[in-house]
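One letter stands for each residue in the lines below.
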Amino acid sequence: PGHKKGKMDSLFILKLVFTLVVLYVVQRKVRGWGKYTSYPPAVKGFWVPFLGHMFSLGKDPAGFFVNQLDRLKTEAFSFELFGTDCVFMGSDDAQSVFYAAPEETLSAAEAYKFMKPAFGKDVVYDSPDGKFQQQRKFLSKCLSVPAFRKMVGIIHDETVDYLGEVWKDEGSLDFYSDVGEMIIRTSTHALQGPQIRSLVHSGYAQYMSDIDHAINFLSFFYPDLPMPSFKKRNLARKKVGEMITNVLKFRRENEKPAEPDFLELLSSSTYSDGTTITDDQIAGLCVALMLAGQHTSNITSCWVGIFMLSHPDVL
């Protein structure tokens, strides 16, 4: 009797799973009838219920996008990942529509919710839009033309010191990794001051790397899964927050820098309702600024270096 009951339970579970899959497929198709009259063309290729086009995309991401643009003869197309509709825009014209759309039409806050564990609470896209716009003004105040002029010398000295310390006249190196390490030195010193720069080899650089490496397509959909990389990200964000908070506390209890730097300008910022920005919000803005600049600076620098090395006549 026990064996028979177990067999019946298994059959029931199989039937239930099959029914749920069928209902899901029907639901997607019904939604699609009206949706694709206004949506970009849908991808043609291997599709799995709920997972969508994950396997085709994961196998060859660049090839997936290029091939679909060619097959569909379009500047934009839609595909599915984990039950979510995604749209790829593959031309300047298509992307210009995206960037020109108002917040009510295309919400950046909705798309960037997955960054909340990295940035922290009540900062950037986790804050109301009005508050976020004020935080952007706080940052722009710190990124003025006079501030950029002061950064040039810092970046030059940090770069020269790094090259003299790490790069030799011959041998091989990991260009992307080395440039990334160089940029973390220049950016922390130029953007956050010498005190944060002094913490680079005390864990700061590794913590920022842990936060960065947890940003992937899975985190976009499920940023709070109990995965090792996400746990490291959460711990890293906490440690970075503690480091920046300790520097701010030290400055309040001791002498402030002779010239107001990035942290000093941020810590003196006040919202329109009269409240002062908190230390954890400052830490969140620092992390957001570092992540926003790290990828672009690293990738751009690498491509410049690769092209220069490929064309020694320009050296």
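Given the structure is predicted, the values throughout are model-derived calculations rather than measurements. (Residues numbered from 1 in each chain as written. Predicted model: local features only at pLDDT ≥ 70, side-chain atom pairs only at ≥ 80, totals over all residues. Heavy atoms only, no water.)

### Looking at the overall build of the protein
The helix and strand tally for the protein stands at 15 helices and two strands. A total of 315 residues make up the protein; the buried ones form 34% of that total. Restricting the contact set of the protein to residue pairs at least 6 apart, pairs at least 24 apart contribute 60%. By element, 62% of the accessible surface of the protein is carried by carbon and sulfur atoms, the whole surface being about 19500 Å². (Helix = DSSP H or I, 4+ residues; strand = E, 2+ residues; numbered from the N terminus. Buried < 20%, exposed > 50% of the residue type's maximum accessible area, 1.4 Å probe, protein only. Contact = heavy atoms within 4.5 Å. Areas by Shrake-Rupley, 256 points an atom, 1.4 Å probe, with all protein chains shown as cover.)

### Examining the confidence of the model for the protein
Here the protein averages 82 in pLDDT, while 88% of its residues score no lower than 70. At the level of individual helices and strands, the protein shows its lowest average pLDDT in helix α1 (residues 2–35), which scores 55, and its highest in helix α13 (residues 228–253), which scores 92. (pLDDT = per-residue confidence, 0-100.)

### Notes on the environment of Pro257
Tracing the backbone shows Pro257 in the loop between α13 and α14 (262–267). Spatially, the C-alpha atoms of Pro257 and Pro194 are 10.0 Å apart, while their sequence positions differ by 63 residues. For Pro257, the contacting residues outside a window of four places in its chain are Arg251 and Glu264.

### Section: the packing of aromatic side chains
The tally for this structure, following the rule as stated, stands at 19 aromatic pairs. Taking the centre distance of 5.1 Å and the plane angle of 55° together, the rings of Phe82 and Phe221 count as tilted. Of this pair, Phe82 sits in the loop between β1 (76–81) and β2 (84–89) while Phe221 sits in helix α12 (residues 217–221); the two residues are 139 residues apart in sequence, bridging distant segments of the chain. Overall, Phe82 belongs to the buried group, its relative accessible area being 11%. (Phe/Tyr/Trp six-rings, centres within 6.5 Å; stacked < 30°, edge-to-face > 60°.)

### Concerning the side chain of Gln135
Structurally, Gln135 is set in helix α7 (residues 129–142). On the basis of relative accessibility, which here comes to 0%, the residue Gln135 falls in the buried class. Reaching out from Gln135, the side chain makes a polar contact with the side chain of Tyr271 at a distance of 3.0 Å. Among all residues touching Gln135, those that are not within four sequence positions of it are Asp122, Val123, Val124, Ser127, Tyr271 and Leu285. (Polar contact = N/O pair within 3.5 Å; in protein donor to acceptor, adjacent residues only side chain to side chain.)

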